[in-house]
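Observations on the model geometry
Residue strings, one per chain:
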Amino acid sequence: MWFDSGRICLDLVATFEPHRPTDGSEGIRDGDALRLWLAGAGLVPDRTPLARVGADWVQAFRALRADVEDLVRAELAGAAPPGAALARVNAAAAGPPPGLCAVQDQEGHLVRELCGGVECAGLLAAVARDAVELLTDPGDRALLRACEGDGCARVYLDTSRGHRRRWCSSELCGNRERVARHRRRVLEARPG
């Protein structure tokens, strides 16, 4: 999974990649994949039991992902935000996010833990609030970019020096572009 977009809500959008073959396009295939994403995104602390993550959670996160993507794409296009998507994201963001507590681990160190259990609505609220903060912050909106990689649909915040980042990842799309340019130069340099 990819966690380099600069925002949790954009990392959620990156869990679906339409340019990949059908078998690899869905990053949240099931509850296990969603558990991995929630932990990787930092929404749940390490060792948090997520026993109740099921198909209903998967569908809820996929729906939020679609709404956030619609809003982000509209922003990138300079278009008005889709009203229904905006209403659903706002409704999700209005819920209470999960509470954090500091507890001692077995070695006596303080570690983060979610207070009061893990609920789908609370985790959705955290992601939806991140989307609301992104879309209402003029500074962050100005840094919103779509990857220029051939066939890549990822979106990210360009926090690079000079704000000249072109790809979602220099290692992935940037490398593909550099390899393609090299191949073109080699072919053009061949005689006849």
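Every value quoted in this text rests on a predicted model; they were computed, and no experiment measured them.

1. So, the pairing of strand β2 (residues 110-115)
Alignment of strand β1 (residues 99-104) against β2, held across six bridges, turns out to be antiparallel. Across the sheet, G99 pairs through a bridge with C115, a residue of β2. The antiparallel pairing of β1 with β2 creates a hairpin that spans five residues between the two strands, and G108 there sits at a positive phi of about 90°.

2. Describing the nonpolar core
Taken as a class, soluble globular proteins show a tendency for nonpolar side chains to be buried jointly. Counting residues in each nonpolar core, the largest one holds 37 residues, and the members touching the most others are L34, W37, L38 and F61. Here the element with the most residues in this core is helix α5 (residues 120-136); it accounts for eight residues. Not counting the four nearest positions on each side in its chain, L38 is found in contact with L43, V44, L50, W57, F61 and L123. Of all hydrophobic cores here, the second largest spans five residues; its members include C147, Y156, C168 and C173.

3. A look at the state of the cysteines
Tallied over the entire structure, the rule returns one disulfide. Paired by a disulfide, C101 and C115 hold their sulfur atoms 1.2 Å apart. The sign of the S-S torsion, about 135°, decides the handedness of the disulfide formed by C101 and C115: right-handed. On the criterion of sequence distance, the pair formed by C101 in strand β1 and C115 in strand β2 is long-range, its members being 14 residues apart. Relative accessible area serves as the criterion here: at 27%, C115 is assigned to the partly exposed category.

4. Some details on the packing of aromatic side chains
Tallied over the full model, the rule gives two aromatic pairs. Taken together, the aromatic side chains of F3, W37 and F61 make up a single cluster linked through ring pairs.

5. Here we look at the packing of helix α4 (residues 83-93) against α5
Direction vectors running N to C along α4 and α5 enclose 125°, while the axes themselves pass 7 Å from each other. In this view, α4 runs oblique relative to α5, as classed from their interaxial angle. Where α4 crosses over α5, the two elements pack in a sense that is left-handed. For the pair α4 and α5, contact is made by V89, N90, A92 and A93 and by A125, A128, R129, A131 and V132, respectively.

6. Details of the packing of helix α2 (residues 31-40) against helix α3 (residues 55-77)
Axis separation between α2 and α3 bottoms out at 9 Å; the angle between their running directions is 55°. Between α2 and α3, the crossing angle belongs to the class labelled oblique. For the pair α2 and α3, the sense of crossing is left-handed. Contact residues: G31, L34, W37 and L38 in α2; W57, V58 and F61 in α3. Each residue belonging to the contact of α2 with α3 can be placed in one class, and the counts come to six nonpolar, one polar and no charged.

7. Details of the environment of L124
Its place among the elements puts L124 in helix α5. Between the C-alpha atoms of L124 and G95, which are 29 residues apart in sequence, the distance is 8.4 Å. Ignoring sequence-local partners within four residues, the contact set of L124 consists of A60, F61 and L64.

8. Some details on α4
Along α4, the residues classified as buried are A85, V89 and A93. An end-on view of α4 places all buried positions within 70° of arc, on one side of the element. Away from the buried face of α4 by more than 90 degrees, exposed residues G83 and A91 are located. Looking at the buried positions of α4, the neighbouring elements they touch are α3 and α5.

Reading the values: the criteria
- Along each chain, residue indices are assigned from 1 in the same order as the chain's sequence is written.
- In keeping with the predicted nature of the model, local features appear solely for residues at pLDDT of at least 70, side-chain atom pairs appear and are counted solely at 80 or more, and the whole-chain, interface and lining totals rest on all residues.
- Side-chain measures were taken over the full set of non-hydrogen atoms in the model, leaving aside hydrogen atoms and water.
- In this analysis, strands are considered paired if DSSP registers two or more bridges between them.
- The secondary structure listing takes helices from DSSP runs of H or I that are at least 4 residues long and strands from runs of E that are at least 2 residues long, numbered from the N terminus.
- Residues belong to one nonpolar core when they are buried, are Ala, Val, Leu, Ile, Met, Phe, Trp, Tyr or Cys, and are joined through side-chain atoms within 4.5 Å.
- A simple rule labels every residue: compare its accessible area, found with a 1.4 Å probe on the protein chains alone, to the largest value its type can have, and call it buried under 20%, exposed over 50%, or partly exposed in between.
- The contact rule is simple, with two residues in contact once any of their heavy atoms fall within 4.5 Å.
- For the purposes of this analysis, a disulfide is any pair of cysteine sulfur atoms at a distance within 2.5 Å.
- When two rings of Phe, Tyr or Trp (its six-membered ring) have centres within 6.5 Å they constitute a pair, described as stacked for plane angles under 30 degrees, edge-to-face for angles over 60, and tilted for the intermediate range.
- Think of each axis as a best-fit line through the C-alpha atoms, taken over the contacting stretch in the case of a helix, with angles from 0 to 180 degrees between the N-to-C directions.
- By definition in this entry, angles of less than 35 degrees are roughly parallel, angles greater than 145 are roughly antiparallel, angles of 65 to 115 are roughly perpendicular, and the rest are oblique.
- Helix crossings get a hand from a simple test, with the near helix turned counterclockwise from the far one by less than a right angle marking a left-handed crossing and a clockwise turn marking a right-handed one.
- Ten residue types, Ala, Val, Leu, Ile, Met, Phe, Trp, Tyr, Cys and Pro, are classed as nonpolar, four, Asp, Glu, Lys and Arg, as charged, and the remainder, Gly among them, as polar.
- It is the directions from the helix axis to the C-beta atoms whose arc is reported.

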